[in-house]
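# An overview of the molecular structure
This is what each chain is made of:
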There are 2 protein chains.
Amino acid sequence: MTRLLPPPDRQRATTVLDVARLAGVSAMTVSRTLNQPQRVPPATRQRVQAAVQATQYVPNLLACGLRSRRSRLVAAIVPALGSPVFSDTVQALTATLAEAGYHLMLGQSGYGPAGEDALLQAVIRRRPDGIVLVGVDHSRQARDTLAGCGVPVVETWDLTPAPIDMLVGFSHADVGAAVCRFLAGQGRRRLAVVSGADARAARRTQAFQATAHALGLPTPAVVEAEAPTTLGHGRQALRALLALPAGVDGIFCSSDMLALGVLTEAAHQGIAVPGRIGVVGFGDQPFAADAEPALTTVRVDGARIGHEAALRVIGRIAGAPAAELPALDVGFSIFTRRSA
Amino acid sequence: MTRLLPPPDRQRATTVLDVARLAGVSAMTVSRTLNQPQRVPPATRQRVQAAVQATQYVPNLLACGLRSRRSRLVAAIVPALGSPVFSDTVQALTATLAEAGYHLMLGQSGYGPAGEDALLQAVIRRRPDGIVLVGVDHSRQARDTLAGCGVPVVETWDLTPAPIDMLVGFSHADVGAAVCRFLAGQGRRRLAVVSGADARAARRTQAFQATAHALGLPTPAVVEAEAPTTLGHGRQALRALLALPAGVDGIFCSSDMLALGVLTEAAHQGIAVPGRIGVVGFGDQPFAADAEPALTTVRVDGARIGHEAALRVIGRIAGAPAAELPALDVGFSIFTRRSA
DNA sequence: CTGAAAGCGCTAACAA
DNA sequence: TTGTTAGCGCTTTCAG
């Protein structure tokens, strides 16, 4: 903890008043010119804009936000900033929000509700106009805090019958079931799952196993890997699965990176993919199409999730009633390439 | 652009005054209890803290920042949020800043100064207490803006004799030269570079070529790939290099993902690595150690860059003179594994 | 179409 | 140790 010294005495910043004086108008007119230019006649507008240029005026959004009760800030909390899974979503969020004049404030919760609670507490102090969360598993405390502060909330990347507020995602259970049927449909019977330690992956795994059971297949083996999942985890997992007496002929990995590890180890051991083992990933990362063999994987439109989440936040801020912003299931698809 | 409606009439938020009334003290005492608890006697402190709990008070950092002229916000602008290269840096920045009570505000400039200028403009409106940039190539406008607004700035991931303010990085020219000597030292003579389109990678490439020239080697071929670099780009690049009449026996890739692509294509074509071609990556991503063969790569301590950058911002905010916060070269190393 | 007054929620500066 | 006063920079509100 650093000891706080008095703030540096930067020269007093230029304010609307400085601009107003130079333009020969009132502060209000400057404010209007900046925020609702169409409500100011062109002649005045130009004088003000010239004065803004001349004074190098930079609006203070802290003051704007305080007075107007709109920070023009939307917070997004993702499990891992580095994770490529969410980067399309973050990208789309940023872009769509920017078009509407909002900035995105990113936070990383690090999987699990403990980090999320602390982050949420910190974030709310900045008075965001909206909050976007990944996942639907939040602590009681988080739900109360969010419900209490009246900020629009969108949960993403999952579905639940009881969202905090708004919802854009897809069913992880459906993913697990679909991939299981997909592999079984290729005649594979000794299935397995390699799964990172996160709640959504666990949901996919569970449905995968239930579906295997329903299809009369042997119970799939499960190898757990720590998050974040790496290529090394995938290689280890395949070695572990090959050591099993039952053997394995179809593997569902909870990330493409894990799947790439499985492919790498298979190639290293001379095991034919998809001949002897079929491999399915999750995420359709940029490398999936170019892996050897090309990776069959679950494709989710992360950009659409981000875009729709942004639209919902913006809509709610603009006063749209809940009925106009229904929960959205963006679905998923199994993108078939060579590996299965 | 969404039309702005009047802000939602959320119930008036609880303020320091509400807490003060309940605790039977003044607003100032509440403020002190929150910000400098050691300056309030334990008895008072406890009464206030109880009142904070009871009222569910959440401080408004917009107001704090406006009044105290300290937003407790540090902005970081990185070329690509998704890029795993910077994730250690962002992680360390976040952690070190958080310890000192600062939040990190992340922005993505998307390589190239155009995006950076716009983002910078937007960011400064939030009145950050410090700004961390990746790279040292900034537009004239950006440099002026930053110098003018008096905010501490740290440039990172590169070195320059003329930083805007503070600097934590390493020499990309040295990297290019070192890798060239490394490959040449293995007796490889027909060298090549596969490079993403970014300024720092270009600097490494240039030094690589200059060093090859100095060593009396043939001019290395260069294959450019768009950013962000992918495994597919790496595969394509190797195919292109193999089609060259001169041939190739050593390749320096500007990212580990490109290198993984080169390895993949080499394996696919039955080309021995490191036997026939040596491959060196950049970044030491988590997958590098587990690639087949394990990837020799340039390792940079991204976490240290983030940590040191944070220390510099905090130090400058606390009033430390420039002399106490010298430019720092964190260096790099070539992490030798099997691929070269 | 424009401006004057007031105040968002908080803390710096001073006084007691 | 505590409180009072004032005002950060902006925009809401209402009157001209």
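Model, not experiment: these values are computed from the prediction.

### As for the overall build of chain A
Counting its secondary structure elements, chain A contains twelve helices and twelve strands. Computed over C-alpha atoms, the radius of gyration of chain A comes to 26 Å, more than 25% over the 20 Å expected from 2.2 N^0.38 for 340 residues, which places it beyond the range of a compact globule. Counting only C-alpha atoms, chain A reaches 85 × 45 × 40 Å along its principal axes. Buried residues in chain A amount to 53% of all 340 residues. Taking the intrachain contacts of chain A between residues at least 6 apart in sequence as the baseline, contacts between residues at least 24 apart amount to 69%. Counting every atom, chain A has about 14600 Å² of accessible surface; 55% of that belongs to carbon and sulfur. For chain A, the separation between the mean place of its 33 positive charges and that of its 26 negative charges on side chains is 8 Å.

### Thoughts on the protein's contact with DNA strand C
The local shell around DNA strand C holds 24 residues, among which T29, R32 and R67 of chain A together with S31 and Y57 of chain B are the closest. Sugar and phosphate atoms constitute 62% of the interface atoms of DNA strand C, taking the interface as everything within 4 Å of the protein. At 2.5 Å from a phosphate oxygen of DNA strand C is found a side-chain nitrogen or oxygen belonging to T29 of chain A. Between DNA strand C and R67 of chain A there is a distance of 3.3 Å, counted from a base nitrogen to a side-chain nitrogen or oxygen. Where the surface near DNA strand C is concerned, the elements lending two or more residues are α2 (27-35) and α4 (61-68) of chain A together with α2 (27-35) and α4 (61-68) of chain B.

### Describing unusual backbone geometry
The residue after E292 of chain A, namely P293 of chain A, is reached through a cis peptide bond having omega -5°. Structurally, the position occupied by P293 of chain A is in the loop between β9 (278-282) and β10 (296-299). With an omega of -5°, the peptide bond between A227 of chain B and P228 of chain B qualifies as cis. Mapped onto the elements, P228 of chain B comes out in the loop between β7 (221-225) and α10 (231-242). Backbone geometry at W157 of chain B places phi at a positive 65°, although glycine is not the residue there. Looking at the secondary structure, you find W157 of chain B in the loop between β4 (153-156) and β5 (166-169). Relative accessible area serves as the criterion here: at 4%, W157 of chain B is assigned to the buried category.

### Quick word on the interface of chain B and chain A
In this assembly, 61 residues from chain B lie in contact with 60 residues from chain A. Buried area between chain B and chain A, both sides added, is near 5500 Å², and the carbon and sulfur share of it is 57%. Across the contact surface, chain B and chain A share two salt bridges. Salt-bridge contacts for E292 of chain B lead to R235 of chain A; the nearest nitrogen and oxygen are separated by 2.8 Å. Between the two partners, chain B and chain A, sit 20 residue pairs in polar contact (both at pLDDT 80 or more). A per-element tally of the side of chain B that touches chain A places α4 of chain B first, with six residues.

### Topic: the sheet that holds strand β1 (residues 73-78) of chain A
The strands that make up a sheet pair up through hydrogen bonds in the backbone, lying either parallel or antiparallel. The six strands lie next to each other as β2-β1-β3-β4-β5-β11 (chain A), forming an open sheet whose pairing is parallel. On the outer flanks of this sheet lie β2 (103-108) and β11 (328-329) of chain A, each paired with one strand and no other.

### A look at the environment of V313 of chain B
Residues and elements named next belong to chain B. Mapped onto the elements, V313 comes out in helix α12 (residues 302-317). Judged by its relative accessible area of 0%, V313 falls in the buried class. As a C-alpha pair, V313 and F332 span 19 residues in sequence and 23 Å in three-dimensional space. With near-sequence residues (within four places) excluded, V313 lies in contact with V74, G130, V132, V154 and M166.

### Looking at the protein's contact with DNA strand D
Residues in contact with DNA strand D amount to 24 residues; listed here are only the nearest, V16, S31 and Y57 of chain A together with R32 and R67 of chain B. Here, DNA strand D places atoms within 4 Å of the protein, and 58% of those atoms are sugar or phosphate. At a separation of 3.2 Å, a base oxygen of DNA strand D approaches a polar side-chain atom of R67 of chain A. Contacts to DNA strand D include S26 of chain B, whose backbone N or O atom sits 2.9 Å from a phosphate oxygen. Looking at the surface near DNA strand D, the elements that each hand over two or more residues are α2 and α4 of chain A together with α2 and α4 of chain B.

### Here's the deal with the pairing of β7 of chain B
Bridge analysis of strand β6 (residues 191-196) of chain B against β7 of chain B gives five bridges, and the strand direction is parallel. Each residue of the ladder has a partner; that of V193 of chain B, found in β7 of chain B, is V222 of chain B.

### Remarks on the relation of the copies chain B and chain A
The transform that puts chain B on chain A rotates by 180° and translates by 0.0 Å along the axis, for an RMSD of 0.1 Å. Those values place the two copies in the arrangement expected of a two-fold rotation axis. Of the C-alpha atoms belonging to chain B, the one lying closest to the rotation axis is found on L62 of chain B, 2.6 Å away. A high fraction, 97%, of the interface residues of chain B reappear at the interface in chain A, so the copies pair face to face through one surface.

### Observations concerning the packing of helix α6 (residues 113-124) of chain A against helix α7 (residues 140-149) of chain A
Residue and element names in this part refer to chain A. Running from N to C, α6 and α7 point in directions that differ by 15°, and their axes come no closer than 10 Å. With respect to each other, α6 and α7 are oriented roughly parallel. The way α6 lies across α7 gives a crossing that is left-handed. Residues D117, L120, Q121 and I124 of α6 form the contact with α7, whose own contacting residues are Q141, A142, T145, L146 and C149. Residue composition of the contact of α6 with α7, by class: five nonpolar, three polar and one charged.

### Topic: the packing of aromatic side chains
Counted under the stated rule, the structure contains seven aromatic pairs over all chains. Pairing F86 of chain A with W157 of chain A gives two aromatic rings, centres 5.2 Å apart and planes at 85°, and the pair type is edge-to-face. Note that F86 of chain A is positioned in the loop between β1 and α5 (87-99) and W157 of chain A in the loop between β4 (153-156) and β5 (166-169), a separation of 71 residues in sequence. What makes F86 of chain A buried here is its relative accessible area of 6%. Linked through ring pairs, F86, W157, F170 and F282 of chain A together constitute an aromatic cluster. Sitting over the ring of Y102 of chain B, R72 of chain B keeps its end group 4.8 Å from the ring centre. When the ring centre of F282 of chain B is taken as origin, the NZ or CZ atom of R204 of chain B, which lies over that ring, is 3.7 Å away.

### Observations concerning the pattern of salt bridges
Two side chains bearing opposite charge may form a pair once their charged atoms approach each other closely. Under the defined criterion, the tally for this structure stands at 28 salt bridges over all chains. For R203 of chain A, the salt bridge is made with D137 of chain A, and the minimal N-O distance between the two is 3.6 Å. Within this pair, whereas R203 of chain A is found in helix α9 (residues 199-214), its partner D137 of chain A is found in the loop between β3 (130-134) and α7, the two being separated by 66 residues in sequence. Because the salt bridges share partners, they merge into one network encompassing R235, R239 and E265 of chain A together with E292 of chain B.

### What to know about the side chain of E116 of chain B
All names here are of chain B. Mapped onto the fold, E116 is located in helix α6 (residues 113-124). Despite being buried, E116 has no salt bridge partner; R200 is the closest side chain of opposite charge, sitting 7.8 Å away. Setting aside chain neighbours within four positions, we find E116 in contact with I77, S109, L133, V134, D137 and H138.

### Focus on the sheet that holds β9 of chain A
Residue and element names in this part refer to chain A. As summarised here, the arrangement of the six strands in space is β7-β6-β8-β9-β10-β12, forming an open sheet in which the pairing is mixed. Unpaired on one side and paired on the other, β7 (221-225) and β12 (333-335) mark the two borders of the sheet. Ignoring strand direction, the axes of neighbouring strands in this sheet form an average angle of 20°. Relative to strand β6 (residues 191-196), α9 is tilted by about 170°, and along the sheet it contacts β6, β7, β8 (250-253) and β9. Its contacts with the sheet place helix α10 (residues 231-242) against β6, β7 and β8, and it is angled at close to 150° to β7.

Cut-off values and rules
- Residues numbered from 1 in each chain as written.
- Chains lettered and ligands numbered in written order.
- Predicted model: local features only at pLDDT ≥ 70, side-chain atom pairs only at ≥ 80, totals over all residues.
- Heavy atoms only, no water.
- Helix = DSSP H or I, 4+ residues; strand = E, 2+ residues; numbered from the N terminus.
- Rg over C-alpha atoms; globule rule 2.2 N^0.38 Å.
- Buried < 20%, exposed > 50% of the residue type's maximum accessible area, 1.4 Å probe, protein only.
- Contact = heavy atoms within 4.5 Å.
- Areas by Shrake-Rupley, 256 points an atom, 1.4 Å probe, with all protein chains shown as cover.
- Lys, Arg positive; Asp, Glu negative; His and termini not counted.
- Charge placed at Lys NZ, Arg CZ, Asp CG, Glu CD.
- Near = heavy atom within 4 Å.
- Polar contact = N/O pair within 3.5 Å; in protein donor to acceptor, adjacent residues only side chain to side chain.
- Buried area = accessible area lost by both parts, 1.4 Å probe.
- Salt bridge = Lys/Arg side-chain N within 4 Å of Asp/Glu carboxyl O.
- Pairing = 2+ DSSP bridges.
- Least-squares fit on C-alpha atoms with pLDDT ≥ 70 in both.
- Axes fitted to C-alpha atoms, helices over the stretch in contact; angles between N-to-C directions.
- Parallel < 35°, antiparallel > 145°, perpendicular 65-115°, else oblique.
- Left-handed = near helix turned anticlockwise from the far one by under 90°.
- Nonpolar A, V, L, I, M, F, W, Y, C, P; charged D, E, K, R; others polar.
- Phe/Tyr/Trp six-rings, centres within 6.5 Å; stacked < 30°, edge-to-face > 60°.
- Lys NZ or Arg CZ within 6 Å of the ring centre and 35° of its normal.

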